Amino acid sequence: MNPGAVRQTADPAGSPSVPAGTRVIGIGRPAWWVLLLSALATVGITAELLSRGWLERMDLRVSEVVSDWDLRNGDAYWLVWAFTQAGGRGFILIVLTVLVGSLLVRERTVVPLVRVLLALALLTAVVYAFKWGTGRTAPAFPGSFFHRDGASYPSGHVANAVLMWGVARWQAVEFALAPWVQRVFWALSVFGPLATGVAMVALDFHWVTDAVVGLTVGLLLLGVVHALDATLLSRWVRARAGRAPA
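Just so we're clear, the structure is a prediction, and the values are computed from it rather than from any experiment.

Caption draft 1: Region of interest: the nonpolar core. Leu 96, Leu 99, Val 116, Leu 163, Met 164 and Phe 185 are the most contacted members of the largest nonpolar core, which totals 35 residues. Looking at this core, the elements with two or more residues in it are α1 (32–50), α4 (89–107), α5 (111–134), α6 (156–174), α7 (179–202) and α8 (208–231). In terms of residue count, the dominant contributor to this core is α6 (9 residues). Here Met 164 is in contact with Ile 92, Leu 96, Val 116, Ala 119 and Leu 120, once residues within four sequence places are set aside. In this structure, Tyr 77, Val 80, Ala 199 and Ala 202 belong to the second largest nonpolar core, which totals 5 residues.

As structure tokens, then:
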């Protein structure tokens, strides 16, 4: 028997299980057409909102409906709030610290750490540029919806969920972690942003368009991180030492 071969075990049904060290899902790099649609949606929605058109009226109508639910003051508040933490920076960074730390030890490469730091830097710069540039106020703010003190647009929680869970999934797949780990991060990368956006709107913390553009901006930033990795990090030989083959 080849000692380097991956050993397979049978599941209770008798079929072989997926061995550790196997990539069972894709890395989740956004396709070019997804990035193009995201860019068009970001520009189009932003222009429409600044022109005070029908999207703003739609946001106001949705906010009226969810404010009548009064989830902020109801028994379900903490349950709904928990879903917002799928995009919370604190929770995500705790998970990423464990993931990146284990990869640093196992793979002896700083590439996962560099990717996370790059993603955080881009996220902070781009999202806050949008927030300060548009000055959109949150639904609870009385009066003007575009004000110099506004910082609602886009949703940083949703953008954070898209980008950071996307980077986490990427690491789990590229370094061929256990299949169940890859699937967990796939679920977080897909459902985390959706849960965050719906919960934020349901609690009247964000407008619908805040959540939508948070999603598109997150996808664009994930594409940028992938592109920078392919063009710059891939040439950084020392960082790639011990890196699993692509």
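Picking up after the structure, the text goes on.
Caption draft 2: The arrangement of the layout of surface pockets in detail. If you add up the space inside the largest pocket, you get close to 230 Å³. As for the largest pocket, its lining consists of Gly 28, Pro 30, Val 162, Gly 166, Arg 169, Ser 189, Val 190, Pro 193, Leu 194, Leu 215, Leu 219 and Leu 222. Taken together, the elements giving at least two residues each to the lining of the largest pocket come down to α6, α7 and α8. It is α7 that provides the largest number of residues to the lining of the largest pocket, a total of 4 residues. Class assignment of the residues belonging to the lining of the largest pocket gives a composition of 8 nonpolar, 3 polar and 1 charged.

Caption draft 3: Local environment of the confidence of the model for the protein. On average, the protein scores 87 in pLDDT, and the residues at 70 or more come to 85%. Under a pLDDT of 50 for its full length, residues 237–246 has, in the predicted model, 24 contacts with residues more than four places off or in other chains.

Caption draft 4: Here's a closer look at the packing of α6 against α8. Packing of α6 against α8 leaves a shortest axis separation of 7 Å and a crossing angle of 35°. Considering how the two elements wind past one another, α6 and α8 form a crossing that is right-handed. Contacts between α6 and α8 involve Val 158, Ala 159, Val 162, Leu 163, Gly 166, Val 167 and Trp 170 from the first element and Ala 211, Gly 214, Leu 215, Gly 218, Leu 219, Leu 221, Leu 222, Val 225, His 226 and Asp 229 from the second. Within the contact of α6 with α8, the residues separate by chemical class into 12 nonpolar, 4 polar and 1 charged.

Caption draft 5: Region of the structure containing the packing of aromatic side chains. Throughout the structure, instances matching the rule amount to 7 aromatic pairs. Arranged with centres 5.0 Å apart and planes meeting at 80°, the rings of Tyr 77 and Trp 78 form a pair that is edge-to-face. By relative accessible area, Trp 78 is classed as exposed at 59%. Taking the centre distance of 6.0 Å and the plane angle of 90° together, the rings of Trp 186 and Phe 191 count as edge-to-face. In this structure Trp 186 comes out as partly exposed when scored by relative accessible area, which is 34%. Site record: aromatic cluster; members linked through ring pairs are Tyr 77, Trp 78 and Trp 81.

Caption draft 6: Highlighting α1. Compared with an ideal rise of 1.5 Å per residue, which puts 19 residues at 27 Å, α1 spans 27 Å between its outermost C-alpha atoms and is within 8% of the ideal. Among all positions of α1, only Ser 38, Thr 42, Ile 45, Thr 46, Glu 48 and Leu 49 are buried. Looking down the long axis of α1, one finds its buried residues gathered within 160° of arc, a one-sided arrangement. Exposed residues on α1 whose side chains face more than 90 degrees from its buried face are Trp 32, Leu 37, Leu 40 and Val 43. Those residues of α1 that are buried are in contact with α2 (54–69), α5 and α8. Note on α1: the residue one or two positions beyond its end, Arg 52, has a positive phi of about 60°.

Caption draft 7: Spotlight on the environment of Val 62. Its place among the elements puts Val 62 in helix α2. Judged by relative accessible area, which is 26%, Val 62 ranks as partly exposed. Along the backbone, Val 62 and Val 201 are 139 residues apart, and their C-alpha atoms lie at a distance of 8.5 Å. With residues up to four places along the chain from it excluded, the contact list for Val 62 reads Val 201 and Val 208.

Caption draft 8: Region of the structure containing unusual backbone geometry. Backbone torsion omega between Tyr 153 and Pro 154 reads -5°, so that peptide bond is classified as cis. Considering the arrangement of structural elements, one finds Pro 154 in the loop between α5 and α6. Phi is positive for Asp 204, close to 65°, though the residue is something other than glycine. Considering the arrangement of structural elements, one finds Asp 204 in the loop between α7 and α8. Overall, Asp 204 belongs to the buried group, its relative accessible area being 11%.

Calculation rules
Residues numbered from 1 in each chain as written. Predicted model: local features only at pLDDT ≥ 70, side-chain atom pairs only at ≥ 80, totals over all residues. Heavy atoms only, no water. Core = buried A, V, L, I, M, F, W, Y, C linked by side-chain atoms within 4.5 Å. Buried < 20%, exposed > 50% of the residue type's maximum accessible area, 1.4 Å probe, protein only. Helix = DSSP H or I, 4+ residues; strand = E, 2+ residues; numbered from the N terminus. Contact = heavy atoms within 4.5 Å. 1 Å grid on protein atoms, 1.4 Å probe; cavity = no way out; pocket = protein on both sides within 12 Å on 5 of 7 lines; lining within 4 Å. Points joined across faces, edges and corners; volume = space filled by probe spheres on them. Nonpolar A, V, L, I, M, F, W, Y, C, P; charged D, E, K, R; others polar. pLDDT = per-residue confidence, 0-100. Axes fitted to C-alpha atoms, helices over the stretch in contact; angles between N-to-C directions. Left-handed = near helix turned anticlockwise from the far one by under 90°. Phe/Tyr/Trp six-rings, centres within 6.5 Å; stacked < 30°, edge-to-face > 60°. Expected span 1.5 Å × (residues − 1). Arc of directions from axis to C-beta.

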